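Close look at the chain arrangement
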Amino acid sequence: MSQGQKRAEIKYGMNVGIVLKEDQSTGYITYGVVQKILTNSPTHPHGIKVRLMSGEVGRVKEIVR
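What this report covers is the structure whose coordinates are included nearby. (Residues numbered from 1 in each chain as written. Predicted model: local features only at pLDDT ≥ 70, side-chain atom pairs only at ≥ 80, totals over all residues. Heavy atoms only, no water.)

**What to know about the overall build of the protein chain**
- When you go through the protein chain residue by residue, the secondary structure sums to zero helices and four strands.
- Helices and strands in the protein chain line up, N terminus first, as β-β-β-β.
- For the protein chain, the C-alpha atoms occupy an extent of roughly 25 × 25 × 20 Å along the three principal directions.
- If you take every contact in the protein chain between residues at least 6 apart in sequence, the share linking residues at least 24 apart comes to 48%.
- Accessible area of the protein chain: about 4000 Å², with a carbon and sulfur share of 51%.
- Charged side chains of the protein chain number 10 positive and 5 negative; the gap between the two group centres comes to 10 Å. (Helix = DSSP H or I, 4+ residues; strand = E, 2+ residues; numbered from the N terminus. Contact = heavy atoms within 4.5 Å. Areas by Shrake-Rupley, 256 points an atom, 1.4 Å probe, with all protein chains shown as cover. Lys, Arg positive; Asp, Glu negative; His and termini not counted. Charge placed at Lys NZ, Arg CZ, Asp CG, Glu CD.)

**What to know about the sheet that holds strand β3 (residues 49-52)**
- In space, the four strands of this closed barrel follow the order β1-β2-β3-β4, with antiparallel pairing throughout. Averaged over all pairs of adjacent strands, the angle between their axes in this sheet comes to 70°, without regard to strand direction.
- Taken together, the four bridges between strand β1 (residues 15-20) and strand β2 (residues 30-37) define a ladder with antiparallel strand orientation. Bridge assignment links Gly17 to a residue of β2, and that residue is Tyr31. (Pairing = 2+ DSSP bridges. Axes fitted to C-alpha atoms, helices over the stretch in contact; angles between N-to-C directions.)

What follows is the structure, given as structure tokens:
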């Protein structure tokens, strides 16, 4: 699995890159800090859904280390 598909990899306060619903067709990545993890299942093929501190919601595509 690639980055962002396992819930255990994502922690509150972590810097991540997400794709917003409206950006799914272009794949544009928005960066921010995780405020809340919204996906309950341990994995998701399209990425774990999170809310950023900015209030934006999307699926994690990359973890910024």
